[in-house]
Amino acid sequence: HSRKIHQPPKLIYLLLAQIWKLLFYKKLGMSVEYKADPRQEQGPYIVVGNHASRMDYIYSGIPFLPHRMNYVAGYNEFFRSHLALVFRLLQVIPKKNFTPDVYTIKQVSRVLKSGGRVCIFPEGMSSISGGNQPVALGSAKFLKHFAVPVFVCKIQGGYLTNTKYCLDERRGKVNVIVDKLFDPEELKQLSLDEITDRLHEAIHHDDYEWNKTARVAFDGHGEMAKNMQDLLYWCPKCGKEFTMEGEGDVIRCTHCGNGARLNEYYDLLPLSGDCVLPETPK
């Protein structure tokens, strides 16, 4: 609490951003669509986005360059040895998850008053299932309090590239759509419920549903179902729990044999004609 957050140092921020861009932009098949261009904004603004994966700092940071952003991240993340130094260098703002944090508000205020930009993921944690979660309580009040322009960064394909159940990187394609969500005048006029509804609608996304149409092939290196039982632990045929086993491209119930093969599009293909499967893993 004795630390005062400032805008990220320009040289370090842009250098790291260029390194990450060289390493990941082409490799992960990243593309950006601007429905509104935040780089035309001269003053402070806030960016909100769906929290698809642990790579979202790349998906949300690159489209806004050369603008620098102070990210808001979970307080607990500052105790990870591989993140601590980078978080301090880039002036990341800590936030205790799902509880009011006066320190966070003060530091966000400091950055915005200095003309800086702040990025938050209002769900409060990265996606578990491939779809977004409800925004945390207080998100609308947060935006209304600061009353600066708000842009939204919607990430498509981020979860399928880096799933929650497997740390392996699966190359395919990541689309990022940038748009303007609120003007300051709108925030002053809208109720908290109206802001919350707009926020939910703006970040709503389901990667599995998206890929039914996009049909992006992701390279799972023959292990699309690896560790999948950590999330899909219940068999929808026999009802047994903790009998599912994910290995290679196959997830199967060790009790009744019910299961599926995951192809490169994350489609669930039944192992036999009598298998009972959900429409998508989510």
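### Structural notes on the sheet that holds strand β8 (residues 244-247)
Next up, step 1: As summarised here, the arrangement of the four strands in space is β8-β9-β10-β11, forming an open sheet in which the pairing is antiparallel. Of all strands in the sheet, those bounded by a partner on one side alone are β8 and β11 (268-270). Here the strands of the sheet are splayed against their neighbours by 25° on average, with no regard to which way each runs.
Next up, step 2: Two elements, β8 and strand β9 (residues 250-253), share four bridges in a ladder whose sense is antiparallel. Each residue of the ladder has a partner; that of Met244, found in β9, is Cys253.

### Here's the deal with the packing of helix α5 (residues 139-146) against helix α8 (residues 192-203)
Next up, step 1: As a packed pair, α5 and α8 sit with axes 8 Å apart at the nearest point and diverge in direction by 110°. Taken together, the axes of α5 and α8 lie roughly perpendicular to each other. Residue-level contacts link Ser139, Ala140, Lys141, Leu143 and Lys144 of α5 to Leu192, Ile195, Thr196 and Leu199 of α8.
Next up, step 2: The class makeup of the residues in the contact of α5 with α8 is five nonpolar, two polar and two charged.

### A few points about the pairing of strand β2 (residues 45-49)
Next up, step 1: Burial analysis of β2 places five of its five residues in the buried class, the great majority of the element.
Next up, step 2: Here β2 shows no split at all, with Tyr45, Val47 and Gly49 on one side and Ile46 and Val48 on the other all buried.
Next up, step 3: Here β2 runs beside strand β5 (residues 117-120); their pairing, made up of four bridges, is parallel. Each bridged residue has a counterpart across the sheet, and for Val48 the counterpart in β5 is Ile120.
Next up, step 4: The sheet contact formed by β2 and strand β6 (residues 150-156) spans four bridges and is parallel. In the sheet register, Val48 faces β6, and the bridge partner there is Val152.

### A look at helix α4 (residues 102-113)
In an α-helix, one full turn covers 3.6 residues, which means residues spaced three or four apart are oriented alike.
Next up, step 1: For α4, spanning twelve residues, the distance from its first C-alpha to its last is 16 Å, which sits close to the expected 16 Å at 1.5 Å a residue.
Next up, step 2: Looking only at α4, the buried set comprises Tyr103, Thr104, Gln107, Val108, Ser109, Val111 and Leu112.
Next up, step 3: Buried residues in α4 make contact with β2, β3 (69-74), β4 (93-95), β5 and α5.
Next up, step 4: Sitting at the head of α4, Asp101 places a side-chain oxygen 3.2 Å from the backbone nitrogen of Tyr103.

### Thoughts on the nonpolar core
Next up, step 1: Membership of the largest hydrophobic core comes to 29 residues, with the highest contact counts inside it found for Tyr59 and Phe64.
Next up, step 2: Listed by contribution, the elements that provide at least two residues to this core are α1 (10-25), β2, α2 (56-61), β3, β6 and β7 (174-182).
Next up, step 3: Apart from the residues lying within four places of it in its own chain, the contact partners of Tyr59 are Leu28, Met30, Ser53, Cys153, Ile155, Gly158, Thr161, Asn162, Val174 and Val176.
Next up, step 4: Grouped together as the second largest cluster of nonpolar side chains are 27 residues, Val48, Leu190, Leu199 and Ala202 included.

### Here we look at the packing of aromatic side chains
Next up, step 1: By the definition in use, this model includes ten aromatic pairs.
Next up, step 2: Ring geometry for Tyr45 versus Phe151: centroids 5.2 Å apart, planes at 70°, classification edge-to-face. With Tyr45 in strand β2 and Phe151 in strand β6, this residue pair connects regions lying 106 residues apart in the sequence. Of the two residues, Tyr45 and Phe151, neither departs from the other in class, the shared state being buried.

About the thresholds
- Residues numbered from 1 in each chain as written.
- Predicted model: local features only at pLDDT ≥ 70, side-chain atom pairs only at ≥ 80, totals over all residues.
- Heavy atoms only, no water.
- Pairing = 2+ DSSP bridges.
- Helix = DSSP H or I, 4+ residues; strand = E, 2+ residues; numbered from the N terminus.
- Axes fitted to C-alpha atoms, helices over the stretch in contact; angles between N-to-C directions.
- Parallel < 35°, antiparallel > 145°, perpendicular 65-115°, else oblique.
- Contact = heavy atoms within 4.5 Å.
- Nonpolar A, V, L, I, M, F, W, Y, C, P; charged D, E, K, R; others polar.
- Buried < 20%, exposed > 50% of the residue type's maximum accessible area, 1.4 Å probe, protein only.
- Expected span 1.5 Å × (residues − 1).
- Polar contact = N/O pair within 3.5 Å; in protein donor to acceptor, adjacent residues only side chain to side chain.
- Core = buried A, V, L, I, M, F, W, Y, C linked by side-chain atoms within 4.5 Å.
- Phe/Tyr/Trp six-rings, centres within 6.5 Å; stacked < 30°, edge-to-face > 60°.

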